[in-house]
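Below are the chains, spelled out letter by letter.
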Amino acid sequence: MASASYHISNLLEKMTSSDKDFRFMATNDLMTELQKDSIKLDDDSERKVVKMILKLLEDKNGEVQNLAVKCLGPLVSKVKEYQVETIVDTLCTNMLSDKEQLRDISSIGLKTVIGELPPASSGSALAASVCKKITGRLTSAIAKQEDVSVQLEALDIMADMLCRQGGLLVNFHPSILSCLLPQLTSPRLAVRKRTIMALGHLVMSCCNLVFIDLIEHLLAELGRNDNMSTTRTYIQCTAAISRQAGHRIGEYLEKIIPLVVKFCNVDDDELREYCIQAFESFIRRCPKEVYPHVSTVISLCLRYLTYDPNYNYDDEDEDDNAMDADQSIHDDDDMSWKVRRASAKCLDAVVASRHEMLPEFYRSVSPALVARFKEREENVKADVFHAFLSLLKQTRPAQAWLNDPDAMEQGETPLTMLQNQVPMIVKALHRQLKEKSVKTRQCCFNMLTELVTVLPGALTTHIPVLIPGIIFSLNDKSSSSNLKIDALACLYVVLCNHPATAFHPHVSALVPPLVACVGDPFYKITSEALLVTQQLVKVRPDSDSFDPSPYIDDVFNCTIKRLKAADIDQEVKERAISCMGQIICNLGDHLPNELPGTLLIFLERLKNEITRLTTVKALTLIAGSRLSIDLRPVLPDAVPILASFLRKNQRALKLCTLAALDILLRNYSSAVTPAMVDAVLAELPPLISESDMHVSQMALSFLSTLAHTHPSALGQLSGGAILSQLIVLVRSPLLQGGALAAMLDFYKALVTTETAGLGYMDVLRMLTGPVYAQSSALGHKQAYCSIAKCVAALTTACPREGPAVVGQFIQDVKNSRSTDSIRLLALLSLGEVGHHVDLSSQPELKTVILDAFSSTSEEVKSAASYALGSIAVGNLPEYLPFVLQEISSQPKRQYLLLHSLKEIIGSSTVAGLKPYVESVWTLLLKHCECQEEGTRNVVAECLGKLTLIDPETLLPRLKGYLLSGSSYARSSVVTAVKFTISDQPQPIDPLLKNSIGDFLKTLEDPDLNVRRVALVTFNSAAHNKPSLIRELLDTILPHLYNETRVRKELIREVEMGPFKHTVDDGLDLRKAAFECMYTLLDSCLDRIDIFTFLNHVEDGLKDHYDIKMLTFLMLARLSCLCSSAVLQRLDRLVEPLRATCTTKVKANSVKQEFEKQDELKRSAMRAVVALLGIPEAEKSPLMAEFQSQIASNQELAAIFDSIQRDSTSANMESMDTS
């Protein structure tokens, strides 16, 4: 400590030296000392250091002054509060000095001090007192108006301070406002400009009264309209306020917009520009309030988009050169381009924020924008292009529901309207593609890329017009590298999204510039060009109409040059390998002499860790080529290398290698030797495991292929590690889908090879042995299902063995000594075998299964029910009438028998079931009013799936039962509709679309349960097929929102001994309603009035635990999807979040209560972190206060920090994967 103060006093002494170099070095050393965390100054040192630094600010040498200013930053955080106040006082006094240099350096010093203060959210007392001190001095400096430069500096510092610490100055806001408002009429424009900036920062944190004063003042002044100059300033100020605090200005727009429209018609270009900029900020920041005025704004923008009084476009078609000449003639006083630019930007804002008006935009805005592609000012033209690009981007997300078969019947959708405008767009772009301006051509390429992404195939007929334009940019010597990259990227997207035949006539023109680009010294151009070449090579079709031979040498030579080079960029290496792979795959028959050498290069690349993955993919492509490329020369070396890749950690490499080996086995089986196969088989056991199902699936596919091509190689599997791994995998509860299908294929292939020791019975024993050994029951029911499926696969592959095995299983079920697990396996196996093989020849089967319905084990009962249904699928005429008869005669077994019926309906073919539909339907209707909810749900599922078989007849019948007097029947019918909806297109969709409205009218049903199932059905439709309900949302949403309310009449008290317990019968209904709201955010956001939606989210934040959790999730989603609307409601949303975070659980509560409260706090905090992700959220006074409350509470601060870390790392991960 002593040595530090001694060192500093030494430095202070040197600072008084007359030699400026000494002063400079000493100040520099002091700066270094102050930046150390360990430094502690005593009171005396602090006073001396502060005094000296302030003295050095007036030093004659500029460099010393600059260093002294830099010292202020670290000094502020190291000295006591009263010293900081001394610094601020001195700086403020110096700012008013007559010396210009001192004024400048002091204002920089003040900015440095303000920048170093802790943020308002930390609740620091130092920041508050310093800001208050500065504010008083600054307001008087601004108000004096004696010296403009002092005023400008003071305004600048004021803006900076309001931006950083506005929340601390709430008491000063009225005085700041009253000193700023007069400056709006200052004779100096620079003063007005900085005043507007300061006001913009003020409105972010000021209280409502100050905000109202400001707006009233602006409205009064705009109404008076004394002179044009000040009116321009007031309009600019209004736009700035809207940009900074759009969520607050919304309610005043009704008064503001008519005034702005009025000034728009005044003949003053600058004023017009500001008015249109104001419209743009209103549209972006106040989407709800501006809605009634959008059409007015669009018509004004369309009018001024073409406003060019000093230029005549009429003769452009006759003489292009004249136009070029004219472009260089600029009238310096011509401000009309600014009006056009503002109009284009405003249209961009309208298009980007009003998705629901797309059809209207395609009618009015789109043609106007396309017509302005000829704009003469380059900056304006870029904004016109950008606006059109926004329109295309808005059209893209809608594709999913627009491409729905039934949605296309709506007539003019945005996509069809765009399709009709393509010729007009291409005609306008065609001329622009030959422009001199690089920026214009880049805009054209971006536009074409987006157009093709939105409408694949749209340019098929226009390719001849566009290709010359693209080639022009590739050949143009003056083209920048970025332009070439854009041109190549555009060409790539066009090639990918159009039929190959469209490009045949143009290959001769495209190859030379592409070859030149592949040889370009800049690696990014080479890389893009190789990608395009790879796509172009695919153009060769099956027909003989196109002969590629003239171009093959050029394409091959330029690619091989890049393939051989070792000292090039990684991306170029990889793309050269892929491109060469494609060339050999499509054109290998034209390259007999070059092939062997090229394949050897591939072999080298395979040995290199950096290029091996890409090479494996290229080899897979070549091996699958229909040209049967001769790979025999490289196989002896390649296969062992590929086998070694199977033990690497890189998952993608393992998957690609397995695919490559599989296709080599299929197409080159004669060249694959037993030694090669052994090398691969040795690596397979570790790959077959539940830890990675996809790799297991690929390994099983390879084994199946091996069984077909090299059956002799399977002998060594007997008793080996591969089979034991397979048995372990069969018992995994995770085995399903593709991996299970691959497993079944392998077992079928295995037993058909009739390998010794791997016959039908051998494999069957391996699979079922452990269950019969009774050593231990298998851990999971899924394992029994998988084994049963494997048994069925073996039995279908060896039908002769079937009857004996089926007989054995029947005996196992009958045998009273069998354990439950043996019965379970036997029943499931009977079901799986019976699904594929008719078992009606087994006389005892029906009675044995029905007896199993009486088992004490629930699992055996459900297995028997599944088995009966599955066996019935194998022979409907025999078993279906029997099942229906049993359902009618056995009320006690009804539930299990209905499950059998569900299996029959779900798995049978439509043709097989058609004859029985009526009898099944009649039976189901008898049970749809059953008291048991479980039975009703099964009946509903059966009704729904049965409706899919004959929708024209059965859907109207279902609709008829909506009028039933029984609430049970109504709920069954509405639930049945849920089972007719799937995420795939189905024949029932158009009929469902017309009638789903009637089913959803049950949202008004008097019965609670019917309303709940109606919400569940609605949720299913919104999730799986939004097009069914999009048009109905206007009528459905009020009923949906109605169900989110807490209903007092449904809350009752139940006495449990001495305790009273509250039960809310409406909770499930509310939960279902909020779940629907969450689903709508993903699928129908553009059809929702987000402010009404937010009202109900706000209510949900104060509801029951389950609903709070849901609404916190919604808040986080809404913060990303529509941040401006959330920002407008922020103050109302913060309060319930704060209440949740600060609620204390009673000390004597049970453990679950504490856990629930912790989970609620974490979820609420996640919502807070998401809200803070909105750029201006922390400027809200309430949010800032809540933040400082979190910071001061240790528990909340810890939760907040951990969630912030998680969200940052999640963002980083998503960036990595993208």
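All of these numbers come straight from a predicted model, not from anything done at the bench.

### Some details on the overall build of the protein
Counting secondary structure elements, the protein contains 61 helices and two strands. With the C-alpha coordinates aligned to their principal axes, the bounding extent of the protein is approximately 115 × 95 × 80 Å. The buried share among the 1218 residues of the protein stands at 54%. For the protein, restricting intrachain contacts to residue pairs at least 6 apart in sequence, the fraction spanning at least 24 positions comes to 74%. Carbon and sulfur atoms form 52% of the exposed surface of the protein, whose accessible area is close to 52,500 Å². Taken as two groups, the 126 positive and 148 negative side-chain charges of the protein have centres that lie 3 Å from each other.

### A short note on the pattern of salt bridges
Summed over all chains, the structure comprises 42 salt bridges. Asp268 serves as the salt-bridge partner of Arg232, at 2.5 Å between the closest nitrogen and oxygen. Of this pair, Arg232 sits in helix H12 (residues 228-249) while Asp268 sits in the loop between helix H13 (253-264) and helix H14 (269-285), and the two are 36 residues apart along the sequence. Like Arg232, the residue Asp268 is buried in the burial classification. Salt-bridge contacts for Asp662 lead to Arg666; the nearest nitrogen and oxygen are separated by 3.1 Å. Highlighted residues: Asp662 and Arg666, both in helix H33 (residues 651-667), separated by four residues, approximately one helical turn. Of the residues examined, Asp662 reaches a relative accessible area of 12% and is grouped as buried. What you see here is one network of salt bridges that share partners, running through Asp308, Arg340, Arg372, Glu375 and Arg376.

### Section: the nonpolar core
In terms of nonpolar packing, the biggest core is built from 424 residues, with Phe279, Phe282, Leu684, Tyr747, Leu901, Ile1029 and Leu1080 touching the most fellow members. Here the element with the most residues in this core is helix H37 (residues 737-752); it accounts for ten residues. Residues in contact with Leu1080, not counting those within four places in the same chain, are Phe1018, Ala1022, Ile1029, Leu1033, Leu1037, Leu1040, Leu1085 and Ile1088.

### Notes on the packing of aromatic side chains
Taken as a whole and judged by the stated rule, the model has seven aromatic pairs. Taken together, a centroid distance of 5.5 Å and an interplanar angle of 75 degrees make the contact between Phe522 and Tyr523 edge-to-face. Phe522 gets classed as partly exposed once you look at its relative accessible area, which sits at 31%. An aromatic cluster of three or more residues is present, and its members are Phe373, Phe385 and Phe388.

### Digging into helix H56 (residues 1105-1121)
Between its first and last C-alpha, H56 extends 24 Å over 17 residues, near the 24 Å set by a 1.5 Å rise per residue. Here H56 has its buried residues at Ile1107, Lys1108, Met1109, Leu1110, Thr1111, Phe1112, Met1114, Leu1115, Leu1118 and Ser1119. Those residues of H56 that are buried lie in contact with helix H54 (1067-1083), helix H55 (1090-1100), helix H57 (1123-1128), helix H58 (1130-1142) and helix H59 (1151-1172).

### Thoughts on helix H11 (residues 208-224)
The end-to-end C-alpha distance of H11 is 24 Å, a good match for the 24 Å that 17 residues give at a rise of 1.5 Å each. The inward-facing, buried residues of H11 contact helix H9 (173-180), helix H10 (189-205), H12 and H13. At the exit of H11 stands Asn225, carrying a positive phi of roughly 50 degrees.

### Quick notes on the side chain of Arg823
Position of Arg823 relative to the elements: it lies in helix H41 (residues 820-836). You can call Arg823 buried: its relative accessible area is 17%. The residues contacting Arg823, other than those within four sequence positions of it, are Asp812, Val813, Asn815, Ser816, Ser818 and Val860.

### Comments concerning the pairing of strand S2 (residues 1059-1064)
As defined by bridge partners, strand S1 (residues 1051-1056) adjoins S2 across six bridges and the pair is classed as antiparallel. Its bridge partner being in S2, Ile1051 is matched across the sheet by Asp1064. Counted along the chain from S1 to the antiparallel partner S2, the turn is two residues long, and its residue Gly1057 has a positive phi close to 65 degrees.

### Points about the state of the cysteines
What the rule picks out here adds up to zero disulfides. Its sulfur unpaired, Cys131 is 11 Å from the next cysteine sulfur, which belongs to Cys92. Left unpaired, Cys286 is separated from the closest cysteine sulfur, that of Cys346, by 13 Å.

### Focus on unusual backbone geometry
Even without glycine at this site, Ser628 takes up a positive phi of about 50 degrees. With respect to the element layout, Ser628 can be found in the loop between helix H31 (612-623) and helix H32 (635-645).

### Re the side chain of Lys1108
As for its placement among the helices and strands, Lys1108 is situated in helix H56. One buried charged residue, Lys1108, forms no salt bridge at all, with the nearest opposite charge on Asp1103 at 8.3 Å. Those residues within four positions of Lys1108 in sequence are excluded, and the remaining contacts are Gly1100, Leu1101, Lys1102, Asp1103, Thr1140 and Leu1160.

### As for the packing of helix H28 (residues 549-564) against helix H30 (residues 595-607)
Between H28 and H30, the shortest axis-to-axis distance is 11 Å and the interhelical angle comes to 30 degrees. Judged by the angle between their axes, H28 and H30 are roughly parallel. Read as a crossing pair, H28 and H30 show a hand that is left-handed. Taken together, the residues of H30 that come into contact with H28 (itself represented by Phe556, Ile560, Leu563 and Lys564) are Thr598, Ile601 and Arg605.

### A closer look at the environment of Trp337
Here Trp337 is to be found in helix H18 (residues 336-353). Taking the C-alpha atoms as reference points, Trp337 and Ser17, separated by 320 residues in sequence, lie 59 Å from one another. Residues within four places of Trp337 in sequence aside, it is in contact with Glu377 and Val380.

About the cut-offs
- Residues numbered from 1 in each chain as written.
- Predicted model: local features only at pLDDT ≥ 70, side-chain atom pairs only at ≥ 80, totals over all residues.
- Heavy atoms only, no water.
- Helix = DSSP H or I, 4+ residues; strand = E, 2+ residues; numbered from the N terminus.
- Buried < 20%, exposed > 50% of the residue type's maximum accessible area, 1.4 Å probe, protein only.
- Contact = heavy atoms within 4.5 Å.
- Areas by Shrake-Rupley, 256 points an atom, 1.4 Å probe, with all protein chains shown as cover.
- Lys, Arg positive; Asp, Glu negative; His and termini not counted.
- Charge placed at Lys NZ, Arg CZ, Asp CG, Glu CD.
- Salt bridge = Lys/Arg side-chain N within 4 Å of Asp/Glu carboxyl O.
- Core = buried A, V, L, I, M, F, W, Y, C linked by side-chain atoms within 4.5 Å.
- Phe/Tyr/Trp six-rings, centres within 6.5 Å; stacked < 30°, edge-to-face > 60°.
- Expected span 1.5 Å × (residues − 1).
- Pairing = 2+ DSSP bridges.
- Disulfide = S-S within 2.5 Å.
- Axes fitted to C-alpha atoms, helices over the stretch in contact; angles between N-to-C directions.
- Parallel < 35°, antiparallel > 145°, perpendicular 65-115°, else oblique.
- Left-handed = near helix turned anticlockwise from the far one by under 90°.

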